[in-house]
Amino acid sequence: MAVERTFSMIKPDATRRNLTGAITKMFEDAGFSVIASKRVWMSRREAEGFYAVHKERPFFGELVESMCSGPTIVQVLQGENAIARNREIMGATNPSDAAEGTIRKAFALSIGENSVHGSDAPETASQEIAYWFSETEIVG
Ligand code: ATP
Ligand code: MG
């Protein structure tokens with residue numbers, strides 16, 4: 001195993017409910033270091049660009065709408081095996097399938113408003129980090 005970096009978002013449904021601290025604590029308690037963090041209100045163009053891989057999916061409009069509906073915390077998490085472990089800590093996309101103890105089990109409202117995002121592979125982690133952060137904003 002190796003130390004990795006992954007990209008994470010605390011989505012608007014969660015920032016709206018003041019869950020930024022609670023969710024960040026779950027990452028830190030799991031052993032991750034938050035090595036970059038900022039609060040952004042996504043433009044439609046930024047949300048469509050970020051989620052371009054899903055543009056043909058029936059839920060794309062709803063997804064973009066929800067990401068533009070309020071502030072998002074974008075973060076870089078660093079730790080052992082961070083990409084896969086972050087996905088475990090987040091839990092399944094649909095909160096009704098998410099395991100006990102996961103972020104989505106604790107906080108997600110629905111499959112659309114599911115509180116967090118995490119990169120799914122090393123390539124997407126690099127691309128997503130570069131989409132939101134310059135090198136000087138990442139302090140590892
Ligand atoms: P994410 O990429 O946000 O970490 P994920 O990898 O678990 O989540 P994806 O399949 O990549 O899930 O879907 C991206 C996002 O699109 C989901 O997190 C969710 O917000 C939204 N989404 C996915 N499926 C649906 C659906 N059936 N209805 C509404 N929204 C959906
Ligand atoms: Mg995904």
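Here the structure is a predicted model, which means the values were calculated and not measured.

**Student:** I'd love a proper account of the site of ligand 1, names of residues and values included.
**Tutor:** Taken together, 14 residues surround ligand 1, and among them His54, Arg87, Thr93, Asn114 and His117 come closest. Residue His54 places a side-chain N or O atom 3.0 Å away from an oxygen atom belonging to ligand 1. Protein chains shield 83% of the accessible area of ligand 1, which is 580 Å² for the free molecule. With respect to the detected pockets, ligand 1 is housed in the largest pocket. Contributing elements (two or more residues each) for the shell around ligand 1: α4 (60-67) and β4 (116-118).

**Student:** Describe the UniProt feature "domain: Nucleoside diphosphate kinase-like" (unreviewed entry) in the protein, naming the residues involved and giving the relevant values.
**Tutor:** Mapped onto the present numbering, the UniProt feature "domain: Nucleoside diphosphate kinase-like" (unreviewed entry) falls on residues 3-140. End C-alpha to end C-alpha, residues 3-140 measures 11 Å, and it is 39% helix and 20% strand.

**Student:** An account of the pattern of salt bridges is requested, with residue identities and associated values reported.
**Tutor:** For the structure on display, the rule yields 7 salt bridges. Arg44 serves as the salt-bridge partner of Glu48, at 3.9 Å between the closest nitrogen and oxygen. In this pair, Glu48 and Arg44 are both assigned in helix α3 (residues 44-50), 4 residues apart and thus about one turn of the helix distant. A residue is classified by how much of its surface remains accessible, and Glu48, at 33% relative accessible area, is partly exposed. Between Arg44 and Glu65 there is a salt bridge whose closest N-O contact spans 2.6 Å. With Arg44 in helix α3 and Glu65 in helix α4, this pair connects stretches of sequence that are 21 residues apart. Residue classification places Arg44 among the partly exposed residues on the basis of a relative accessible area of 41%. You can call Glu65 partly exposed: its relative accessible area is 45%.

**Student:** Which residues make up the sheet that holds strand β3 (residues 72-80), and what values do they have?
**Tutor:** Reading across from one edge, β2-β3-β1-β4 is the order of the 4 strands in this open sheet, with antiparallel pairing throughout. Sheet topology places β2 (33-40) and β4 at the edges, where each strand pairs with a single neighbour. The mean angle between the axes of side-by-side strands here comes to 20 degrees, regardless of whether they run parallel or antiparallel. This element, helix α7 (residues 122-132), spans β1 (3-10), β2, β3 and β4 of the sheet and lies at about 55 degrees to β1.

Rules behind the numbers
Residues numbered from 1 in each chain as written. Chains lettered and ligands numbered in written order. Predicted model: local features only at pLDDT ≥ 70, side-chain atom pairs only at ≥ 80, totals over all residues. Heavy atoms only, no water. Near = heavy atom within 4 Å. Polar contact = N/O pair within 3.5 Å; in protein donor to acceptor, adjacent residues only side chain to side chain. Areas by Shrake-Rupley, 256 points an atom, 1.4 Å probe, with all protein chains shown as cover. 1 Å grid on protein atoms, 1.4 Å probe; cavity = no way out; pocket = protein on both sides within 12 Å on 5 of 7 lines; lining within 4 Å. Sits in = over half its atoms within 2 Å of the grid points. Helix = DSSP H or I, 4+ residues; strand = E, 2+ residues; numbered from the N terminus. UniProt positions renumbered as here; feature names shortened; annotations may be inferred. Salt bridge = Lys/Arg side-chain N within 4 Å of Asp/Glu carboxyl O. Buried < 20%, exposed > 50% of the residue type's maximum accessible area, 1.4 Å probe, protein only. Pairing = 2+ DSSP bridges. Axes fitted to C-alpha atoms, helices over the stretch in contact; angles between N-to-C directions. Contact = heavy atoms within 4.5 Å.

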